[in-house]
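Coordinates in review
Read off the chains here:
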Amino acid sequence: AYVIGKLVESRPRAGWGWIATAILLGDLAIYSLGTLQLSLVAHLSPLKSILVGVIPFVAGEVIKLIAASWLILKLRGKVSLGNRERP
């Protein structure tokens, strides 16, 4: 979430492509670390870890990416996040 947030914040008026790319890069970071952990803890090969720890979730991730990108574009400017500056 931190990676995605920082990437989206870096371009305040970003379009759908940049938002989708940010989400994809964040997911890549999460799945990379999760696959590594699964491989080490369960003593699985990297390929087996990808097959059981990533592939089953790809369809849901695509749906989430599309929905989140759409929501960001629709809600941008309509939702106040408060004062972002710290005292």
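Residues numbered from 1 in each chain as written. Predicted model: local features only at pLDDT ≥ 70, side-chain atom pairs only at ≥ 80, totals over all residues. Heavy atoms only, no water.

Notes on the pattern of salt bridges
This structure, assessed with the given rule, holds three salt bridges. In this structure, Lys 6 engages Glu 9 in a salt bridge whose closest nitrogen and oxygen atoms are separated by 3.6 Å. With Lys 6 and Glu 9 both in helix α1 (residues 2–9), this residue pair falls three residues apart, about one helical turn. Judged by its relative accessible area of 40%, Glu 9 falls in the partly exposed class. A salt bridge links Asp 27 to Lys 64; the nearest nitrogen and oxygen atoms lie 3.0 Å apart. Of the two residues, Asp 27 sits in helix α2 (residues 16–41) while Lys 64 sits in helix α4 (residues 58–75), which places them 37 residues apart along the sequence. On the basis of relative accessible area, Asp 27 is assigned to the buried category, the value being 8%. We classify Lys 64 as partly exposed; its relative accessible area is 35%. In the salt-bridge network here, residues are joined through shared partners; they are Asp 27, Glu 61 and Lys 64. (Salt bridge = Lys/Arg side-chain N within 4 Å of Asp/Glu carboxyl O. Helix = DSSP H or I, 4+ residues; strand = E, 2+ residues; numbered from the N terminus. Buried < 20%, exposed > 50% of the residue type's maximum accessible area, 1.4 Å probe, protein only.)

Re α4
An α-helix turns once every 3.6 residues. As a result, residues three or four positions apart point the same way. The terminal C-alpha atoms of α4, which comprises 18 residues, lie 25 Å apart, in line with the 26 Å expected from a rise of 1.5 Å per residue. For α4, the complete set of buried residues consists of Glu 61, Leu 65 and Ser 69. End-on, the buried residues of α4 take up no more than an arc of 65°, which puts them together on one face. Those residues of α4 that are exposed and aimed more than 90 degrees away from the buried face are Ala 59, Ile 63 and Trp 70. Next to the buried residues of α4 lie α2. At the C-terminal side of α4, Gly 77 shows a positive phi close to 85°. (Expected span 1.5 Å × (residues − 1). Arc of directions from axis to C-beta. Contact = heavy atoms within 4.5 Å.)

Remarks on the packing of α1 against α2
At a minimum axis separation of 8 Å, α1 and α2 run at an interaxial angle of 155°. Put simply, α1 runs roughly antiparallel to α2. The crossing of α1 and α2 is right-handed. Between α1, through Val 3, Ile 4, Leu 7 and Val 8, and α2, the contact on the second element is made entirely by Trp 18, Ala 22, Ile 23, Leu 25 and Gly 26. In terms of residue class, the contact of α1 with α2 is made up of eight nonpolar, one polar and no charged. (Axes fitted to C-alpha atoms, helices over the stretch in contact; angles between N-to-C directions. Parallel < 35°, antiparallel > 145°, perpendicular 65-115°, else oblique. Left-handed = near helix turned anticlockwise from the far one by under 90°. Nonpolar A, V, L, I, M, F, W, Y, C, P; charged D, E, K, R; others polar.)

By themselves, these observations are geometric and do not establish any function.
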